[in-house]
Amino acid sequence: MNPSEPVKGRTSAAAWSALRTQVRGLLFRRGEPSYEDARRALSWNARVPSRHPAAILRATDADDIAVAVRWAAEQELRVALRSGGHSWCGAALREDALVLDLGALRTLEIDAAARVARAGPAVENLRLATSLAREGLAFPVGHCPSVALGGYLLSGGFGWNSGIFGPACARVRALEIVDARGERLRLDARSSPELFWAARGAGAGFFGVATSFELELAPLPRAIRVLSLEFSRAHAEALEADLAELLARRSAALELSLLAFPASSAHELQLLAVAFGDRESEALELLAPLSPLAARARHVEGPHPASFADLLHRLGAFFPEGRRHGVDVFYAERSAAALFGSVAAALRDAPSPHSLGMVVPAPPLDPAAPLADMALSLYAPSFVGLYAQWEDAHDDAANLAWLEVQRTRFRPLACGHYVGETDLYAEEGRARRCFAPPAFERLCELRERWDPRGVFAGFPLSGAANR
Ligand SMILES: Cc1cc2nc3c(=O)[nH]c(=O)nc-3n(C[C@H](O)[C@H](O)[C@H](O)COP(=O)(O)OP(=O)(O)OC[C@H]3O[C@@H](n4cnc5c(N)ncnc54)[C@H](O)[C@@H]3O)c2cc1C
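Residues take numbers from 1 onward in each chain, read along the sequence in its written order. Confidence filtering applies because this is a predicted model: local features only for residues at pLDDT of at least 70, side-chain atom pairs given and counted only at 80 or more, and all residues used for totals across whole chains, interfaces and linings. Heavy atoms from the whole structure form the basis of all side-chain values; hydrogens and water molecules are not counted.

1. What about the site of the ligand?
Around the ligand there are 32 residues in total, and Ser83, Gly85, His143, Phe158 and Tyr418 lie nearest to it. A distance of 2.9 Å separates a nitrogen atom of the ligand from a polar atom in the backbone of Ala210. Protein chains shield 96% of the accessible area of the ligand, which is 950 Å² for the free molecule. Looking at the shell around the ligand, the elements that each hand over two or more residues are strand 3 (79-82), helix 5 (149-155) and strand 10 (209-216). Numbering of helices and strands starts at the N terminus; helices are DSSP runs of H or I of at least 4 residues and strands are runs of E of at least 2. With four residues, helix 5 is the single largest residue contributor to the shell around the ligand. Only Asp, Glu, Lys and Arg are considered charged, only Ala, Val, Leu, Ile, Met, Phe, Trp, Tyr, Cys and Pro nonpolar, and every remaining residue, Gly among them, polar. Its residues assigned to classes, the shell around the ligand shows 18 nonpolar, 12 polar and two charged. Any residue with a heavy atom positioned within 4 Å of a molecule or strand is treated as near that molecule or strand. In the analysis that follows, any N or O atom pair within 3.5 Å is treated as a polar contact, provided that within protein one partner can donate a hydrogen and the other can accept it, and provided that, for residues neighboring in sequence, both atoms belong to side chains. For the accessible areas, the method is Shrake-Rupley and the probe is 1.4 Å, while residue cover comes only from the protein chains on display.

So, in structure tokens, the structure goes:
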């Protein structure tokens, strides 16, 4: 089908006009002149997928959303959703669907005394973190400034200081949604345990529109210190023993990220360590086990004091706006120390100097505090991210081919995927592998109960493998 043509579904022109008169938000139908700009704006990744929704509604509020969901159900059009558009694989872009763009739902209210925030799905990490810091409060916001809360919280959300704060979705106390009937509901653990369970981890498979989140806040750590160590690639293997020792001794309040860069980059290998303490001495003590590694580093930066905003800008600098991305992530049983050498080797040959590989050791699991009962259900010792980034569409083929080679290379090590960052289009059954098997089964059962007509688009490639 020609993307500039309107969709020739059963929806009549009169039905589209009726929708337009019932909502306050702007509607962009396929075939209209401004449609392509609205479609491209659904994706933060400049490599916008070629999937073409039937129309995009920039909803102004929950009332618009309720009207649009009821209308789409009548028209048998599937509904897809976009809060901030940061899904690496462009999950909001669904062929022939009605996409609700929630970018205008940006309300943020903080009740500092109760340590609760109410936030719309389009509120970004940086805004939340800086607003909270002014009140002496914090939340496990994701690692980059412009990522929005909607997809992040529904996916689980692994943010700064998650060793102490836990996954972000575990701090969602309640949320407001529009369900598949177009009804507005408030979900919490007591009043609606099934939907609340699903909303904490289902990611793109959630069967409702989250219009507002109630977040449980934490006191702001008063002494955050960042230490960055740069190593030469030749040392990758030799670091393993020191890294293993560090991982065995570290506290949950020390967040570690191992970064590897291509041969064409100015960087080679980096260990970023962030200590979250309340006093300077406490933070420095958390960093003390890094001394043997610092002695091997070719460049040491820090420890420096940092705010949450500094941390966001620091990691965000690796992912500037406007680049083309091909990304995949996986969990591994193998320790981060053992994996780093092979990720470093994989990155060496990446065609673009902007690409990076990341190995993140999961925070030590506290046996006294297991994962809460929620759709976010996988835990593994390591998280690996392969982030291919480039600037020119002519380089798509070379970069995607590199990513595919790495996917094949690491497949035997992958024991699952994170629904928030994985490429859900990479293969049949990918969504299934983002959950513990009983959790995935429960998600499918709940979807059938709460969205029996399949109003919401659900996981991409739905079908037997992803149901
Ligand atoms: C630069 C960058 C850094 C990142 N860092 C982290 C990180 O540190 N930790 C982490 O956990 N993740 C991280 N991510 C992944 C990120 O959390 C997910 O991409 C998430 O989906 C982003 O939220 P979004 O609202 O922008 O997504 P969108 O692309 O808008 O939405 C993705 C999908 O989520 C669902 N969805 C979104 N909003 C709603 C809603 N309101 N109601 C119902 N369904 C909805 C829809 O199915 C939608 O298609 C990062 C991504 C990027 C691009």
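Back to the text.
2. Remarks on the sheet that holds strand 3
When DSSP locates at least two bridges between a pair of strands, those strands are taken to pair. On the basis of which strands lie adjacent, the open sheet formed by four strands has the order 1-2-4-3 and mixed pairing. The sheet terminates laterally at strand 1 (26-29) and strand 3, the two strands that pair on one side only. In this sheet, neighbouring strand axes are inclined to one another by 20° on average, regardless of whether the strands run parallel or antiparallel. Contacts between helix 1 (residues 13-22) and the sheet are confined to strand 1, strand 2 (55-58) and strand 4 (98-101), with strand 1 contributing the most and set at about 155° to the helix. Contacts from helix 3 (residues 62-75) reach strand 2, strand 3 and strand 4 within the one sheet, and its direction differs from that of strand 4 by about 175°. A fitted line through C-alpha atoms serves as each axis, taken over the contacting stretch for helices, and the angle formed by two N-to-C directions is quoted from 0 to 180°. Here, residues are in contact when the closest pair of their heavy atoms is within 4.5 Å.

3. Focus on the packing of helix 8 (residues 239-249) against helix 12 (residues 336-348)
Where helix 8 contacts helix 12, the axes come no closer than 8 Å and their chain directions differ by 145°. Handedness of the helix 8/helix 12 crossing: right-handed. Facing helix 8, whose interface residues are Leu239, Glu240, Leu243, Ala244 and Leu247, helix 12 presents Ala336, Ala337, Ala338 and Phe340. Residues that form the contact of helix 8 with helix 12 fall into these classes: eight nonpolar, no polar and one charged. By definition, any crossing whose near helix is turned counterclockwise from its far helix by less than a right angle is left-handed, and any crossing with a clockwise turn is right-handed.

4. Some thoughts on the nonpolar core
Residues belong to a common nonpolar core when they are buried Ala, Val, Leu, Ile, Met, Phe, Trp, Tyr or Cys residues joined through side-chain atoms within 4.5 Å. To sort residues, take the accessible area from a 1.4 Å probe on protein chains only and compare it with the maximum for the residue type: under 20% means buried, over 50% means exposed, and anything in between is partly exposed. With 105 residues, the main nonpolar core has Leu98, Trp160, Leu175, Leu215 and Phe308 as its most contacted residues. For this core, the element with the most residues is helix 3, which contributes eight residues. Where each domain starts and ends follows an automatic or database-derived domain assignment. Shared between two domains, this core holds at least three residues of each, these being domain 1 (13-101) and domain 2 (223-416). Counting residues in each nonpolar core, the second largest holds 42 residues, with Ala346, Leu347, Val384 and Ala388 among its members.

5. With respect to the side chain of Asn399
Along the chain, Asn399 turns up in helix 13 (residues 396-410). Exposure remark for Asn399: the relative accessible area of 2% places this residue in the buried category. A polar atom in the side chain of Asn399 sits 2.8 Å from the backbone oxygen of Asp395. Contact partners of Asn399, with chain neighbours within four places excluded, come to Pro351, Ser352, Ser355, Ala388 and Trp390.

6. Thoughts on helix 13
To estimate how far a helix should extend, the number of its residues minus one is multiplied by 1.5 Å. Taking 1.5 Å of rise per residue, 15 residues should cover 21 Å, and helix 13 covers 21 Å from first to last C-alpha, within 8% of that figure. Listed in full, the buried residues belonging to helix 13 are Asp396, Asn399, Trp402, Leu403, Gln406, Arg407 and Phe410. Along the long axis of helix 13, the arc covered by the buried residues comes to 140°, so they all point the same way. Along helix 13, the residues that are exposed and aim more than 90 degrees away from the buried face are Ala397 and Val405. Against strand 16 (324-332), helix 12, strand 18 (382-390) and strand 19 (414-416) lie the buried residues of helix 13. Each C-beta atom gives one direction from the helix axis, and the arc is the one those directions make.

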